[in-house]
Structures are given as structure tokens and as C-alpha cells.
Amino acid sequence: VFQQAIELFQGLQMMVEREDDPAKWSAIHHNIGDVMGFIGQRSGSSHFLEQAAMSYELALEVRTLEGMPYEWASTQYSLGVVMQTLGQLEDDTSFLKQAADIFKQASTGLKREEYPDDWATALCSVGNVLCLLGTHRKGARTLEQCVVVMRNAMAERTPDKSAYGWAVTQNNLAVALQALGKHEEDIQSLEESIPIYDATLKALAKDDVPMMWAMVSANRASAMHALAAESDYVDMALNAVSEFDKIAELFAKVELTRYQQLAEERRDQSKQLVKLLQV
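Caption draft 1: The arrangement of the nonpolar core in detail. By size, the foremost hydrophobic cluster in this structure holds 74 residues, and its most contacted members are L79, V82, M83 and V129. Apart from the residues within four sequence positions on either side, V82 is in contact with L49, A52, A53 and Y56. Counting residues in hydrophobic clusters, the runner-up holds eight residues, among them A214, F244, A248 and F251.

Caption draft 2: Fine view of unusual backbone geometry. For D91, which is not a glycine, the phi torsion comes out positive at approximately 55°. Among the secondary structure elements, D91 is positioned in the loop between α4 (69–90) and α5 (93–109). According to the relative accessible area criterion, D91 is exposed, its value standing at 54%. Unusually for a residue other than glycine, E185 sits at a positive phi of about 55°. Considering the arrangement of structural elements, one finds E185 in the loop between α8 (163–184) and α9 (187–203). A residue is classified by how much of its surface remains accessible, and E185, at 56% relative accessible area, is exposed.

Caption draft 3: Quick look at the environment of W213. Its location among the elements puts W213 in helix α10 (residues 210–231). For the pair W213 and K182, spaced 31 residues apart in sequence, the C-alpha separation works out to 23 Å. The residues touching W213, leaving out its near neighbours within four places in the chain, are L201, L204, K206 and L250.

Caption draft 4: Molecular detail of a nonpolar patch on the surface. A cluster of nonpolar side chains, L12, M14 and M15, forms an exposed patch at the surface whose accessible area comes to about 380 Å². Inspection of the secondary structure puts L12 in helix α1 (residues 2–15).

Caption draft 5: Broad picture of the packing of α8 against α9. It is at 8 Å that the axes of α8 and α9 come closest, and there the two elements cross at 160°. By the angle between their axes, α8 is roughly antiparallel relative to α9. Along this stretch, α8 crosses α9, giving a crossing that reads as left-handed. Within the contact between the two elements, α8 uses W166, A167, Q170, N171, L173, A174, V175, L177, Q178, L180, G181 and K182 and α9 uses S189, L190, E192, S193, I196, Y197, A199, T200 and A203.

Caption draft 6: Quick look at the packing of aromatic side chains. Scanning all chains against the criterion turns up four aromatic pairs. Summarising the aromatic geometry, the rings of Y70 and Y115 are spaced 4.5 Å apart at their centres and angled 40° between planes, so their arrangement reads as tilted. With Y70 in helix α4 and Y115 in the loop between α5 and α6 (116–137), the pair connects residues that are 45 residues apart, well separated along the chain. By relative accessible area, Y70 is classed as partly exposed at 31%. Of the residues examined, Y115 reaches a relative accessible area of 29% and is grouped as partly exposed. Centre to centre, the rings of Y77 and F103 are 5.2 Å apart; their planes meet at 50°, and the pair counts as tilted. Here the residue Y77 occupies a position in helix α4, and F103 occupies one in helix α5, the gap between them amounting to 26 residues. Over the aromatic face of W213 sits the side chain of K206, whose NZ or CZ is 4.5 Å from the ring centroid.

Rules used in this analysis
- Residues numbered from 1 in each chain as written.
- Predicted model: local features only at pLDDT ≥ 70, side-chain atom pairs only at ≥ 80, totals over all residues.
- Heavy atoms only, no water.
- Core = buried A, V, L, I, M, F, W, Y, C linked by side-chain atoms within 4.5 Å.
- Buried < 20%, exposed > 50% of the residue type's maximum accessible area, 1.4 Å probe, protein only.
- Contact = heavy atoms within 4.5 Å.
- Helix = DSSP H or I, 4+ residues; strand = E, 2+ residues; numbered from the N terminus.
- Patch = residues over 30% accessible without salt bridge, like charges linked within 9 Å, V, L, I, M, F, W, Y side chains within 5 Å.
- Areas by Shrake-Rupley, 256 points an atom, 1.4 Å probe, with all protein chains shown as cover.
- Salt bridge = Lys/Arg side-chain N within 4 Å of Asp/Glu carboxyl O.
- Axes fitted to C-alpha atoms, helices over the stretch in contact; angles between N-to-C directions.
- Parallel < 35°, antiparallel > 145°, perpendicular 65-115°, else oblique.
- Left-handed = near helix turned anticlockwise from the far one by under 90°.
- Phe/Tyr/Trp six-rings, centres within 6.5 Å; stacked < 30°, edge-to-face > 60°.
- Lys NZ or Arg CZ within 6 Å of the ring centre and 35° of its normal.

This is a description of form; function is not addressed.
Laid out in C-alpha cells, this is it:
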């Protein structure tokens, strides 16, 4: 279906001249980029992701900040997603740095008062890439910047405006605090992350978004494990064992074997930690 969509858009591309209708021409290239990007993300194909980036760059030849600010920001954001995916796929920080810069440009180009949701989304994406970079490079300063960016996004990502968006941002803020706590061996940051995870889980209906609920639960259990390791809290380590066990059971019921195995591995690591702390 995606391939058919590309062929249809390419057919439209042949029918529209850039000089005659630059807005439509750029929209076609943007849409081709979207489809290429979807294929690349789902298949893990660098080729399709690179093709998507080329299509977005063509669209940006017409979609300028001065002439089409919202369309420019939209294409910039999509290009950032592609660069982030490439960076994660190829374990290449240069792509991640490009993604962070592109997301920053998109967030700057979007006026918060006019497009609050889009502004917050772009800002959250900046934070997500900073977290990836900070974790990859073991950079405390980058992780600190990530925490600040996520807190700024929370100004628009409130429970009353977007319950789902708020929960996602809360989780990502907690992930950043957890990463910072582990990197700096900072008990306070680790302790701060756990109630944020708790609040996120309370806001999520387990039956409505079971996968997301499980992932946030796994993040919370990981934070408990890290806190126990730094603070020698045996009870916290025992809680981590219990939580990972529940998550493994959940994944076993829906036959997500890989996730089940990961949860069981983390549970066993927490059990080992309990033994060390009880000696």
C-alpha cells in the first residue's frame, strides 16, 4: 500500500510544475517524504529514510520560514524524525545532532500562542534527542538540558489540554531524570523520577494503552533498580523484582516473547542486586 501511495504521488509530481504551483509541488514532495519515512521506520531501511530526507529537502526549497512558516516547520519536524531514526538505526550521533538542531529550528519557527500543541511536540522531540545523545555520550550537561526542555514543554502538555500528551511527556521527563541520576550517581534525581512515573501510570488506562502502560511500568522498575543500587535500599530492589515479574507475565499473556525475555532478564538482575544488598 505504501508503494502504491508513492507511485500515486510521483504521478502527481509529473503533473505539477514547481513554477506553476510551488505550494502544491512542495506538498507532493513532503507527502512522498512521509511515505518513504513510514517505510523506512517500519522496515529499518536506511535507503528509504535517506530518500525521505531528500524529498523533505526538496519541499524545503519552496517551504521557507519567511513565506510558509507553518509548512516549513512541519517539513522541518518530519525531516528531524527521519534524522533521529537514522541516528538510532545506525548508532550515529552525527545524525542525532542534526535531528536535535532541526527540531530546535522547528520549535523556534512555531509560535507557541498560535500552535501550542505543535510547539510542545517539537520541544519534546528536542528533549528526546538530547536524552539519546546524553545517554550515548554519557554527557551530564546534555541530560540536564533535556530535563529543562521537557519541563518547558510541560507548560503546554497539561492533563486538561492533552491527557495522552501529558503522560508521554511525563514519562520522558522521568526517563531523563533517571538517566541523569544513573550518570551522576545522583540519588535525588532517581528519587524524583519515580513519583513522576507513578503519576503517569495513574493517568493511563491500562486496558486502553496496554503497551504504553507496560513500557512506563518497565521504566519505573528500572528506576527502582538504579535507585536501589545507588542507595542500598533493599526494599526498593525487592519492589523492582516484583514489578519486572508482573511485566514479564503481561508480555507472556500476549506472546510478546522478546519483551518478556527482557523483563525476565531485568527481574533476574534485580534479584542479584537483592542478594548483594542482603549480604
